[in-house]
Amino acid sequence: MAEKESHIKTTLEDTNIYPPPEEFKKNANINDPEIYKYAEENYEEFWAERAEKLDWYEKWDKVLEWNPPYAKWFVNGKINASYNCVDRHVENGKGDKTALIWEGEPTDESKKLTFSELQDEVSKFANGLKELGVGKGDIVTFYLPMVPELAIGLLACARIGAPHSVVFGGFSPKALRDRLQDSKSKVLVTADGYYRRGKKLKMWENATDALEGADSVEKVVVVDRLERDDISLEEDRDVYYHDLVEDKSTECEPEKMDSEDMLFLMYTSGTTGKPKGVVHTTGGYLTGTSTTHKWVFDIKDDDMYWCTADIGWITGHSYIVYGPLANGATTIMYEGSPDYPDKDRFWQIVEKYGVTVLYTAPTAIRLFMKWGKKYPERCDLSTLRLLGSVGEPINPSAWEWYRDVIGSGKCPIVDTWWQTETGMILITPLPGLTDLKPGSATRPFPGLKADIYDAGGKSLPANQGGYLVINRPWPAMLRTLYEDPERYEQTYWSEYGPDVYFAGDGARVDQDGYFWVVGRIDDVLNVAGHRLSTMEMESALVDHEAVAEAAVVGKPDDLKGHVPVAYVILEGDRKGSDELAQELRAHVGKIIGPIGKPAAIRFSEDLPKTRSGKIMRRILKKLEAGEDYGDTSTLRNPDIVEQLKSKLE
Ligand code: 7RM
């Protein structure tokens, strides 16, 4: 294990500070601290200069039009995201450079596509989509595993101006159906199945189930990942991907899109059961993701960049597909599980491709820590030069392990805070500039302003916990919620007025201006980096005939950050049993998807409630965390808390 660079203690945190290594700093894309001052004082010019790195058909007349809470970036600019991620690199002589590396879960399956090959594949699929009747403005839903066709599909949609809506492949038929209906998608792209831990998992069955009642869907494209012969297609509706693209031309003129045309829709969990359709547009999103990708990950032309997220989440959209490809970088995608065929698979992939920049999640890092360092130590990880973290707060011990064991003590770690809604990384170190403190996402990206407010909207002094807000619009910000502007205004811009973005996270800023994000303050759970709505789980539970009432809260978990725990009151004189608990877990899994399954079901006669009948989830949460639950005198039934507590012990 390498020596740590310094052991300076801060006053409040028992934490080391890691300045950028000199070598790294010298060669970093960004190593002049003046950038912060420049961006702050020349905010619009700063972003205009960044946007100029992209290729536009027509330049914008105005950088930013801000009518809080509605923003337009690069007003009247004309651009195509697919052209910028693919064609322009071919035209600039990089046609033979590897754009996309796909690693299948079976160790003998992988694919490499150069930018020229990617251009051909994207154009063919785009022409196929056109043949199916997809035109500008038609929403295409993707329900796919991590196969190359997913990345190709997003770019094909972007090419013809059809916004995509990707639904994570682990979601249930119901979740998919809800999203198909809400977005009124004409076309669904799915697969027969995929590999997970060496097993062939079915996907087509879920997709066809979801299609029952999803009446807007006219055509279904099926990727035959598993070459199954036991599925039957509906002749008028369904077509195999390979049949669709087979005879298509490799030429497809990209649509000239307005900067503010919708690039994609991404559904995310909110405080109420109904998922929110987050709308991202073209010019600003591409400017924001390409800039942050290049600066935060210090991307150079010869980097081998691997983000381990699934493209079904925003991290995959911004930092597997759009950011890296807009920068002409080589991006890697992996289909499977980190423990197949063995617990060293990630490190085998790092060695196989000579990965230089790795971006993953704390939940994965904690799992690797538990498995032990013998797995990474088997592999050559010497190519790694920078490590990233995203999805939830990273505990300092996992941070140090990541740095020492994976990064052999020499790689800076960029802990990046952002959200589906922000589209791009907002709070982050710049690895050639920022002194790191394990567990802190450090500072807002140049030009941005973030703050911590109390409930009344007062900016809090250092080291006081409050609500995280963003005080300036940024290019990749969400523009609205799909067909629901009221909910957009109410969720993000009503807490403190229409020009303060309310992130929904609790945080504090320390004496050095470093941000420490604690986690969600609403009814959203962060389970292993996945955002789940407790309300959705509760409605899944009460949907079961045995359940009268349910409350779901997060219980702290060493590996996953939090796991959902369900308190359940049964109908009539029903009695709880292990069998019923299993049945309820499976039921929630079926409605939401396996990641939504409660870790435990706690049957109870009653739940702590206010006099007006509201379940006090706060108290249940404290019970689960083993913390003091405070005053219960305002409850209608204070005794229940002691009873529940004694059952837990
Ligand atoms: C990118 C992503 C967003 C929520 C966000 C936070 C939490 C994400 C960090 C983090 C602490 C981080 N999008 N979160 N990154 N918390 N430090 N570096 O995860 O929409 O799925 O989730 O995730 O609570 O609000 S997301």
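Conventions adopted
- Residues numbered from 1 in each chain as written.
- Predicted model: local features only at pLDDT ≥ 70, side-chain atom pairs only at ≥ 80, totals over all residues.
- Heavy atoms only, no water.
- Near = heavy atom within 4 Å.
- Polar contact = N/O pair within 3.5 Å; in protein donor to acceptor, adjacent residues only side chain to side chain.
- Areas by Shrake-Rupley, 256 points an atom, 1.4 Å probe, with all protein chains shown as cover.
- Helix = DSSP H or I, 4+ residues; strand = E, 2+ residues; numbered from the N terminus.
- Nonpolar A, V, L, I, M, F, W, Y, C, P; charged D, E, K, R; others polar.
- Buried < 20%, exposed > 50% of the residue type's maximum accessible area, 1.4 Å probe, protein only.
- Contact = heavy atoms within 4.5 Å.
- Pairing = 2+ DSSP bridges.
- Arc of directions from axis to C-beta.
- pLDDT = per-residue confidence, 0-100.
- 1 Å grid on protein atoms, 1.4 Å probe; cavity = no way out; pocket = protein on both sides within 12 Å on 5 of 7 lines; lining within 4 Å.
- Points joined across faces, edges and corners; volume = space filled by probe spheres on them.
- Phe/Tyr/Trp six-rings, centres within 6.5 Å; stacked < 30°, edge-to-face > 60°.
- Core = buried A, V, L, I, M, F, W, Y, C linked by side-chain atoms within 4.5 Å.

Student: I would appreciate a short explanation of the site of the ligand in the present structure.
Tutor: Surveying the vicinity of the ligand reveals 17 residues, the closest of which are D415, T416, T420, D505 and R531. P393 places a main-chain nitrogen or oxygen 3.5 Å from a nitrogen atom of the ligand. A distance of 2.9 Å separates an oxygen atom of the ligand from a polar side-chain atom of Q419. For the ligand, whose accessible area on its own is 530 Å², the fraction buried by protein is 96%. Going through the elements one at a time, α11 (314–326), β20 (413–416) and β25 (515–520) are the ones with two or more residues in the shell around the ligand. Along the lines of polarity and charge, the residues of the shell around the ligand split into 6 nonpolar, 6 polar and 5 charged.

Student: Would you mind showing me how to read the environment of V321 here?
Tutor: On the secondary structure map, V321 appears in helix α11. We classify V321 as buried; its relative accessible area is 1%. Along the primary structure V321 and G432 are separated by 111 residues, whereas in three dimensions their C-alpha atoms are 24 Å apart. Discounting chain neighbours no more than four positions away, the residues touching V321 are A151, L154, L155, I311 and G316.

Student: Teacher, can you tell me more about the sheet that holds strand β14 (residues 262–268) here?
Tutor: Two strands in a sheet stick together by hydrogen bonds in their backbones, pointing the same way (parallel) or opposite ways (antiparallel). Pairing is mixed across the open sheet formed by 8 strands, whose spatial order is β12-β11-β8-β6-β7-β14-β15-β23. Each end of this open sheet is capped by a strand with a single partner; those strands are β12 (238–240) and β23 (480–481). Across 3 bridges, the pairing between strand β11 (residues 219–223) and β12 is parallel. Considered in β12, the bridge of V221 is made with V239.

Student: I keep staring at helix α8 (residues 204–211) and nothing clicks. Help me out?
Tutor: One turn of an α-helix holds 3.6 residues; hence residues three or four places apart share an orientation. Considered for burial, the residues of α8 that qualify are W204, A207, A210 and L211. One side of α8 carries all its buried residues, which in axial view fall inside an arc of 125°. Along its buried surface, α8 packs onto β6 (140–143), α7 (173–183), β8 (187–191), β10 (199–202), β11 and β12. Of the residues one or two after α8, G213 is the one with positive phi, at around 95°.

Student: Just to check I follow, could you spell out the confidence of the model for the protein for this structure?
Tutor: Confidence in the prediction for the protein averages 93 pLDDT; 97% of positions are at 70 or higher. Across residues 1–13, confidence stays below pLDDT 50; counting only partners more than four residues off in sequence or on other chains, it has 34 contacts.

Student: Just to check I follow, could you spell out empty space enclosed by the protein for this structure?
Tutor: Empty space among the atoms can be located by rolling a probe the size of a water molecule over them. Counted according to the given criterion, the structure contains 3 cavities of 30 Å³ or more. In this structure, the largest cavity spans a volume of roughly 80 Å³. Along the walls of the largest cavity sit F171, A175, R179, S269, R531, L532, S533, E536, M537, I592 and G596, which together make up its complete lining. A total of 3 residues in the lining of the largest cavity trace back to one element, the largest contributor, which is strand β27 (residues 530–533). For the second largest cavity, the calculated volume is near 50 Å³. Every residue lining the second largest cavity is listed: N80, A81, A158, G161, A162, P163, M257, M262, L263 and T282. Looking at the lining of the second largest cavity residue by residue, the class counts come to 7 nonpolar, 3 polar and no charged.

Student: When you look at the layout of surface pockets in this model, what are you seeing that I'm missing?
Tutor: Estimated volume of the second largest pocket: approximately 330 Å³. Together, 15 residues line the second largest pocket, and K111, P148, E149, V223 and Y241 are the ones closest to its centre. Looking at the lining of the second largest pocket, the elements that each hand over two or more residues are β5 (110–114), α6 (148–160) and α9 (241–246). Here the lining of the second largest pocket takes 3 residues from α6, the largest share from any one element. Considering only residue class, the lining of the second largest pocket consists of 7 nonpolar, 1 polar and 7 charged.

Student: Looking at this structure, how should I read the packing of aromatic side chains?
Tutor: What describes a pair of aromatic rings is the distance from one ring centre to the other and the angle between the planes of the rings. In total, this model carries 40 aromatic pairs according to the counting rule given. When the ring of W474 is compared with that of Y501, the centres are 5.3 Å apart and the planes differ by 80°; the resulting orientation is edge-to-face. Note that W474 is positioned in the loop between β22 (466–470) and β23 and Y501 in strand β24 (residues 501–509), a separation of 27 residues in sequence. Here W474 matches Y501 in class, with each residue buried. For the ring pair Y488 and W493, a centre distance of 6.2 Å and an interplane angle of 55° mean the geometry is tilted.

Student: Help me out: how do you make sense of the nonpolar core in this one?
Tutor: In globular proteins that are soluble, nonpolar side chains generally tend to be buried together. Counting 140 residues, the largest nonpolar core has F125, F142, F297, Y322 and L468 as the members making the most contacts within it. Element by element, the count of residues in this core is highest for α6, at 9 residues. With residues up to four places along the chain from it excluded, the contact list for F125 reads F142, E149, I152, G153, A156, V189, V221, Y241, L244 and V245. Residues Y18, I365, L384 and L387 belong to the second largest nonpolar core, which totals 32 residues.

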